[in-house]
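Spelled out, the chains give:
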Amino acid sequence: MKLYGTGYSPYVRKVLVALAEKDVSAEHIPLFFHDPDAAFQAASPLGKIPAIDDDGFLLADSSAILFYIEAKHPSPALLPTEAKARGRAIWFDKFGDTEMFPVIIAPFANRIVKPKLLGQPGDEAAVTKALTQDLPKIYDYLEAQIDGPYLVGDAFSIADISVATGFHNLHLADETVDAGRWPKLARYVAATLERPSFVTSLAARTNP
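Since we're looking at a predicted model, the values are computed, not measured.

1. Concerning the pairing of strand β4 (residues 57-60)
Working note: regular strand, side chains alternate between the two faces of the sheet.
Move 1: Bridge count between strand β3 (residues 51-54) and β4: four bridges; the pairing is antiparallel. What sits directly across from A51, in β4, is A60.
Move 2: Between β3 and β4, which pair antiparallel one after the other, the connecting turn spans two residues, and D55 there sits at a positive phi close to 55 degrees.

2. Some points on the pattern of salt bridges
Side-chain pairing between opposite charges can occur once the charged atoms of the two side chains come close.
Move 1: Considering all chains together, one arrives at nine salt bridges under this definition.
Move 2: Linking D54 and K72 is a salt bridge whose minimum nitrogen-to-oxygen distance equals 2.6 Å. Highlighted residues: D54 in strand β3 and K72 in helix α3 (residues 62-72), separated in sequence by 18 residues.
Move 3: The class for K72 is partly exposed, based on a relative accessible area of 42%.
Move 4: When the shortest N-O distance is used, the salt bridge between R111 and E124 registers 2.6 Å. Of this pair, R111 sits in helix α5 (residues 106-117) while E124 sits in helix α6 (residues 124-145); the two residues are 13 residues apart in sequence, bridging distant segments of the chain.
Move 5: Connected through shared salt-bridge partners, K14, D93 and D97 make up one network.

3. A closer look at the side chain of H168
Move 1: For H168, the location among the structural elements is in helix α7 (residues 158-172).
Move 2: Beyond its immediate chain neighbours, meaning those up to four positions away, H168 contacts R13, L193 and L202.

Criteria and thresholds
- Residues numbered from 1 in each chain as written.
- Predicted model: local features only at pLDDT ≥ 70, side-chain atom pairs only at ≥ 80, totals over all residues.
- Heavy atoms only, no water.
- Pairing = 2+ DSSP bridges.
- Helix = DSSP H or I, 4+ residues; strand = E, 2+ residues; numbered from the N terminus.
- Salt bridge = Lys/Arg side-chain N within 4 Å of Asp/Glu carboxyl O.
- Buried < 20%, exposed > 50% of the residue type's maximum accessible area, 1.4 Å probe, protein only.
- Contact = heavy atoms within 4.5 Å.

Here is the structure:
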């Protein structure tokens, strides 16, 4: 399997963590989105990351890829089988992708991507808004949902992968969860990012 996408991306990291959990090897090709590489463009017609080429089977979108990997390599399971747990796991996958990502990525985009990768000025006002207005709402919700080491049931799942992955980008921007205000969330994030599959994935290449 070839996996396209920079290790900076929380979406690419989702796939890297899943592969590490299942001990599935892949050739990681750390391209940025819209890279002109022809093989990448064939795998991701919209130019988004991640994308995979698994012996000629081409697929883009982190959630689609995770469900594909889950079906092809079912052990250890990352998607619960019990109906309510599965529903919640899929919900948290969506929550991480569509609700959290646009907010939690703001500090990283404006402190790392724009000034260090694109040579553009960052918008610290956007960072302040994310940290003081937008992220607290997300943190309040997650703090209320956490009741143990995992978001869903008694096993690590796609829910944990999708929610925790963006916090690494937050750390790269020199921001962390306030443990005094959100103690359960702070402990959860720290423990999840210390999981071996995350440690391996966090060391993944970011540039070709």
